[in-house]
Amino acid sequence: MVEDKDPVESAIDKLKPVLSKLSFGAVAGYTSGYATKKIGKAAAFVAGVGFIIFQSLAVAGYIDIDWLKIKDDAVKSIDTDGDGELTTKDIKNYWRKFKSIMTSKLPDAGGFSLGFLYGVRHG
């Protein structure tokens with residue numbers, strides 16, 4: 001009598017070449033990316049609700065908002081290269097800082113970036 005394999009065991013056997021190459025860094029990257037996307041969605045929700053509230057109050061005449069000043073101050077605070085604009089160069093600088101922190105003393109850190117991208121995509 002031939003014993004049927006469990007479906008999970010069959011899947012593991014099929015994925016064996018991929019699973020054997022997964023590094024700790026890739027798994028840490030995936031979970032970090034997944035969490036980052038979830039946190040980003042929550043932050044975007046809060047920021048969006050805040051904007052709706054403040055803009056509604058401004059239109060109703062309860063408060064005055066200088067959006068240009070807010071924009072300029074926000075850009076100034078996150079502009080890493082001092083050019084007065086938020087560019088891909090700034091985003092790359094933030095990524096390098098984040099990656100440096102996340103991979104410091106992390107064994108098998110080489111797969112972190114790819115794992116992070118997959119985590120963000122699937123989060």
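Summary of the structure given here. (Residues numbered from 1 in each chain as written. Predicted model: local features only at pLDDT ≥ 70, side-chain atom pairs only at ≥ 80, totals over all residues. Heavy atoms only, no water.)

1. Overview of unusual backbone geometry
- A positive phi angle is found at K105, which is not glycine, with a value near 60 degrees.
- Mapped onto the elements of the fold, K105 is located in the loop between helix 5 (88-103) and helix 6 (112-122).
- For K105, a relative accessible area of 83% translates into the label exposed. (Helix = DSSP H or I, 4+ residues; strand = E, 2+ residues; numbered from the N terminus. Buried < 20%, exposed > 50% of the residue type's maximum accessible area, 1.4 Å probe, protein only.)

2. A short note on helix 5
- Here helix 5 spans 22 Å end to end across 16 residues, near enough to the 22 Å set by a 1.5 Å rise per residue.
- Immediately beyond the C-terminal end of helix 5, within one or two residues, lies K105, with a positive phi of roughly 60 degrees. (Expected span 1.5 Å × (residues − 1).)

3. Some words on the packing of aromatic side chains
- Under the counting rule described, the total for this entry stands at seven aromatic pairs.
- Seen from their ring centres, W95 and F98 are 5.9 Å apart, and the 40 degrees between their planes marks the pair as tilted. With W95 and F98 both in helix 5 and three residues apart, this pair spans about one turn of that helix.
- Residue W95 is classed as partly exposed on the basis of its relative accessible area of 28%.
- The structure contains a cluster of three or more aromatic residues connected by ring pairs, namely W95, F98, F112 and F116.
- The ring of Y94 carries K97 above its face, with NZ or CZ at 5.7 Å from the centroid. (Phe/Tyr/Trp six-rings, centres within 6.5 Å; stacked < 30°, edge-to-face > 60°. Lys NZ or Arg CZ within 6 Å of the ring centre and 35° of its normal.)

4. Re the pattern of salt bridges
- A complete count under the given rule lists two salt bridges for this structure.
- With a shortest N-O distance of 3.0 Å, D73 and K69 are connected by a salt bridge. You can see D73 and its partner K69 sitting in helix 4 (residues 67-78), four residues apart, about one turn around the helix.
- What makes D73 partly exposed here is its relative accessible area of 35%.
- With a shortest N-O distance of 3.6 Å, K71 and D72 are connected by a salt bridge. (Salt bridge = Lys/Arg side-chain N within 4 Å of Asp/Glu carboxyl O.)

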